[in-house]
Amino acid sequence: MKKSLLFLTLSLFFYLSTQAQQPKKLNASQIYEAVEKLNFLGSVLYVAAHPDDENTRLISYMSNHVKARTAYLSLTRGDGGQNLIGPEIRELLGVMRTQELLAARNVDGGEQMFTRANDFGYSKHPNETLEIWDKDKVLNDVVWAIRKFKPDVIINRFDHRRAGQTHGHHTTSAMLSMEAFDLVGDKSIYPEQLEKVGVWQPKRLFYNTSWWRYGSREKFEEVDKSNMLNFDIGVYYPNKGLSNNEVAAIASSQHLCQGFGRLSQRGTQQEYIELLKGDMPKDKNNVFEGIDTSWNRIKGGQEIGNILYNIQENFNFKNPSSHIIDLLDAYKKIQLLEDEHWRAIKEKQILKIIEACAGLYLEASTSSPTATPNTSTQINIEALNRSNINIELTSVHFNMDKMTYAKELNLLNNQKVTFTETVDLKTNDYSTPYWLSEKASLGMYKVTNKNLIGKPETPRPVQVDFNLIIDETPVTITKSAVYRYSKPDKGELYRPFEIVPEVTASISDKVFIFENDQQKDIEITVKAGKDNIEGYVSLCHPDDWNIYPEKQKVNISNKGESQTFVFTVIPPKNQSEGFISPMVNVNGKEYTKELIEIDYSHIPFQTVLLPSESKIVRLDIQKKGENIAYIEGAGDVVPESLQQIGYNVVKIKTDEITPENLSRFDAVVVGIRAYNILEDLKFKQDILFNFVEQGGNMIVQYNTRHRLKVDKLAPFDLTLSRDRVTDENAEVRLLNPNHEVLNYPNKITLSDFEGWTQERGLYFPNQWGNEFTPILSLNDEGETAKEGSLLVAKHGKGHYIYTGLSFFREFPAGVSGAYRLFANMLSIGKDNINLDKKLND
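None of the values given here were measured: they were computed from a predicted structure.

Let us now look at the overall build of the chain. Helix and strand counts for the chain come out as 19 helices and 43 strands. Its C-alpha atoms give the chain a radius of gyration of 30 Å, near enough to 28 Å, the size a compact globule of 841 residues would have. Projecting the C-alpha coordinates of the chain onto the three principal axes gives extents of approximately 90 × 75 × 60 Å. Contacts in the chain between residues far apart in sequence, at least 24 positions, make up 74% of those at least 6 positions apart. Placing the 97 positive and 111 negative side-chain charges of the chain at their respective mean positions leaves the two points 2 Å apart.

The structure is reproduced here in structure tokens:
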């Protein structure tokens, strides 16, 4: 039985992943659940800092058990995290994590909101967080979210009283929520918002506490809970065949890039929330006590409730279409409601129910996934009524060219109607995440269009209104245009229809390191967004660098095809750095954007436009050794970065770690978090340590103590901690300035630690054996010195090095000092070793 339930849960997860991009079609049980939610007029807003901070157990409970309209306000999009499943970091990681949040909400039934705050990385204190974020703008966004969503209840994920004890973003999210609670009802606060929304006052504010807040379950048992509510979030949903905590686990497992894939849980499980503001409910299990959540809440609602409660109590699971006449009656009454907020929400909800009850399938699809501005495209329309209800498609309206096409087609039961219309794409805007359209600061995204603030994603460009008459009632249902296609090994697939530039250009790498004054050939790829592209491409570059040729002709016949050009880049004699960016000129118009596509099965296909540029660095660097084995961990560009400075890097898998294979290499580098995610690596430790004893170097990059899959991380005692230095400009002190790693073959000085990005490093060891020599001392302001960021130990003829320095962030940013230091780490002890090893073919 246990195996079958696990299979059911995992099967649902797989189904949700494969269906991530398909339109949602409700079955009878889901329609009934939608009716239950239609009949509940109450809202809960959950507030935290990042994607994956949210408690999906509580969100699912409020949405699926209480039936409340539930949303998660994430202050950031998680841009500053790591990516366990791919190379996307920073802005692209934020795009991925946004979609993973939407996928999670698709599972647990919640909605998703954001502020403009940029996740700049780990912060130790709210003071630091608010120095980098623009507090007034983020608070403005939180107030906007509350006024727009109008929650009765707000629940903070984190404790506002723990400043300096946890992630600064976490505490800040709670502090801003507390402050906003008292401001949202004041007309003098952010009065410009009142043109779009009214003031609002939530009834209660809670903190989602738990035993981990107090250190142990035993300590939590002793806590006075008189100011807390608690819920059994393990309730079972017969219509789903799942417990609430199973649904929550599936929702949480959508955060795959953060390694949140997990087994589900079942059974009774208590969740606690502590009252912070507002009155305490007498019923410790009812967060809405004293709040009217029935249709009686709004003027004119009682008559609507009489209709809809009857549908709920007598729901026809075998024939949901039998309720359509009553639903249409309620729909017409909802349209007359004076309360604009609830009218908009309930009108949207009931239209989805009517559509589902009729088995109504409406689709607007394209024959191509993209088109360019101010061109025309064909939209294929499909309309299908799978009920006996009289439905007429009177017309279709397209938002792009404002054209309406009369149809007057009777949609007979199960008789599909199809036709095609040509639509003019009258726009100069491109499809891209709206928060990336303008250059961001370290702490804030810039969004000029105020109507977009808070939205999870950019609205789809082509919208089609299906104007219908259902049993004499006019109804309009709007669909976004999609691209529908199939693959032999995957079946039917969907992806969003996007508007892209006529031409885009990308550079083969984001950083080019010139280890000497020798020229390099760099590839530029130009991609056509439409047929018959003619023009030329050139490279913008710093004055002290030279590019040959000056420009090259572009001639691409077919949309979607690419043309690759090679430019020779000649560096200056002395150390220098700057940026190169391709510019494509077509008919006098210059294009400078790169088109980036993000394609994972668990989220919809993403199209992102970013400025196309790469950093070029003329670096004064020396190195010893040639051949490097790289054991990939959670995903980084360290191997490619080492190739940039002339190393021959070969990525090897755990089953390739043999004494014979390793004998070909001068050093082995272990990727970030490899010991957290590679199960079999623990069986290869003796081979790796023996490689070091025989004269090789082994460099291990950061791992976390949590979920460490090996007992012996190093040949000597080494204990990981949560120590980190988040200030990328924190002072660096050289503990052993005469150590070889700081002097050979490059002389490392404090200037090599200038220009670092996001942080110095993370998860440093805090205990180690006497065999290790600590090299650096650094700390954030007000903290004790941390000496575990770079540890070097002689082991036999070679060296074992453990480092928590964030090379995986510094290399993509082209930080020259990081390259010089890593070259020394690879070169240590290589002075008298034969360096002429060659890889076998």
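There is more to say after this.
Under the definition given, this model contains 41 salt bridges. Residue R105 pairs with D108 through a salt bridge whose shortest N-O separation is 2.7 Å. Taken together, the positions of R105 and D108, both in helix 4 (residues 91–108) and 3 residues apart, correspond to about one turn of that helix. Among the ionic pairs, R484 bridges to E382, the shortest N-O distance being 3.8 Å. Of the two residues, R484 is situated in strand 18 (residues 482–487) and E382 in strand 12 (residues 376–384); the sequence distance between them amounts to 102 residues. A relative accessible area of 15% places E382 in the buried class. Salt bridges sharing partners connect three or more residues here, namely K124, D780, E783 and K786.

The subject of this paragraph is the packing of aromatic side chains. Taken as a whole and judged by the stated rule, the model has 24 aromatic pairs. Their ring planes at 75° and their centres at 6.2 Å tell us that F689 and Y800 sit as a pair that is edge-to-face. Of this pair, F689 sits in helix 17 (residues 685–693) while Y800 sits in strand 43 (residues 798–803); the two residues are 111 residues apart in sequence, bridging distant segments of the chain. Y800 matches F689 in its accessibility class, with the two residues each being buried. For the ring pair Y702 and Y763, a centre distance of 5.8 Å and an interplane angle of 15° mean the geometry is stacked. Linking Y702 in the loop between strand 36 (697–700) and strand 37 (718–725) with Y763 in strand 39 (residues 761–768), this pair joins segments that are 61 residues apart in sequence. Each of the two residues, Y702 as well as Y763, counts as buried.

Let us look at the confidence of the model for the chain. On average, residues of the chain carry a pLDDT of 93, and 96% of them reach 70 or more. Contacts for the low-pLDDT stretch residues 1–18, under 50 throughout, to residues beyond four places or in other chains number 21 contacts. Between residues 832–841, whose pLDDT stays under 50, and residues either more than four places distant or in other chains, the model counts 20 contacts.

Ranked by size, the top nonpolar core spans 56 residues in total, and within it W295, L308, I350, L468 and I470 carry the most contacts. Those residues within four positions of I350 in sequence are excluded, and the remaining contacts are L38, L308, L327, A330, Y331 and I334. Ranked by size, the runner-up nonpolar core spans 49 residues in total, among them Y630, V669, V732 and F811.

Okay, empty space enclosed by the protein next. Applying the stated rule across the entire model yields 1 cavity of 30 Å³ or more. When its volume is computed, the largest cavity comes out at roughly 40 Å³. What lines the largest cavity is simply R77, T115, R116, A117, Y434, W435, Y445, V447, I453 and G454. Grouping the amino acids of the lining of the largest cavity by side-chain chemistry returns 6 nonpolar, 2 polar and 2 charged.

Moving on to the sheet that holds strand 36. With mixed pairing, 7 strands are arranged side by side in an open sheet as 34-33-35-36-43-42-40. This sheet does not close on itself; its edge strands, each paired only once, are strand 34 (648–652) and strand 40 (772–774). Within the sheet, the average angular offset between the axes of one strand and its neighbour, ignoring direction, is 20°.

Take the sheet that holds strand 25 (residues 546–548) next. Within the open sheet, the 4 strands sit side by side as 21-23-27-25. Their pairing is antiparallel. Of all the strands in the sheet, the pair left with one neighbour each is strand 21 (503–507) and strand 25. Within the sheet, the average angular offset between the axes of one strand and its neighbour, ignoring direction, is 30°. Pairing analysis gives 5 bridges linking strand 21 to strand 23 (residues 520–528), with the strands arranged antiparallel. Bridge assignment links A505 to a residue of strand 23, and that residue is V526.

Let us now look at the pairing of strand 33 (residues 627–631). Within strand 33, 5 of the 5 residues are buried, leaving the element largely enclosed by the surrounding structure. Because side chains alternate across strand 33, one face comprises the buried residues N627, A629 and I631, and the other comprises I628 and Y630, equally buried. Bridging between strand 33 and strand 34 involves 5 bridges; their strand directions are parallel. Residue pairing for strand 34: Y630 is matched across the bridge by K651. Summarising the sheet, strand 33 and strand 35 (residues 667–670) pair through 4 bridges and their orientation is parallel. Bridge assignment links I631 to a residue of strand 35, and that residue is V670.

Rules used throughout
- Residues numbered from 1 in each chain as written.
- Predicted model: local features only at pLDDT ≥ 70, side-chain atom pairs only at ≥ 80, totals over all residues.
- Heavy atoms only, no water.
- Helix = DSSP H or I, 4+ residues; strand = E, 2+ residues; numbered from the N terminus.
- Rg over C-alpha atoms; globule rule 2.2 N^0.38 Å.
- Contact = heavy atoms within 4.5 Å.
- Lys, Arg positive; Asp, Glu negative; His and termini not counted.
- Charge placed at Lys NZ, Arg CZ, Asp CG, Glu CD.
- Salt bridge = Lys/Arg side-chain N within 4 Å of Asp/Glu carboxyl O.
- Buried < 20%, exposed > 50% of the residue type's maximum accessible area, 1.4 Å probe, protein only.
- Phe/Tyr/Trp six-rings, centres within 6.5 Å; stacked < 30°, edge-to-face > 60°.
- pLDDT = per-residue confidence, 0-100.
- Core = buried A, V, L, I, M, F, W, Y, C linked by side-chain atoms within 4.5 Å.
- 1 Å grid on protein atoms, 1.4 Å probe; cavity = no way out; pocket = protein on both sides within 12 Å on 5 of 7 lines; lining within 4 Å.
- Points joined across faces, edges and corners; volume = space filled by probe spheres on them.
- Nonpolar A, V, L, I, M, F, W, Y, C, P; charged D, E, K, R; others polar.
- Pairing = 2+ DSSP bridges.
- Axes fitted to C-alpha atoms, helices over the stretch in contact; angles between N-to-C directions.

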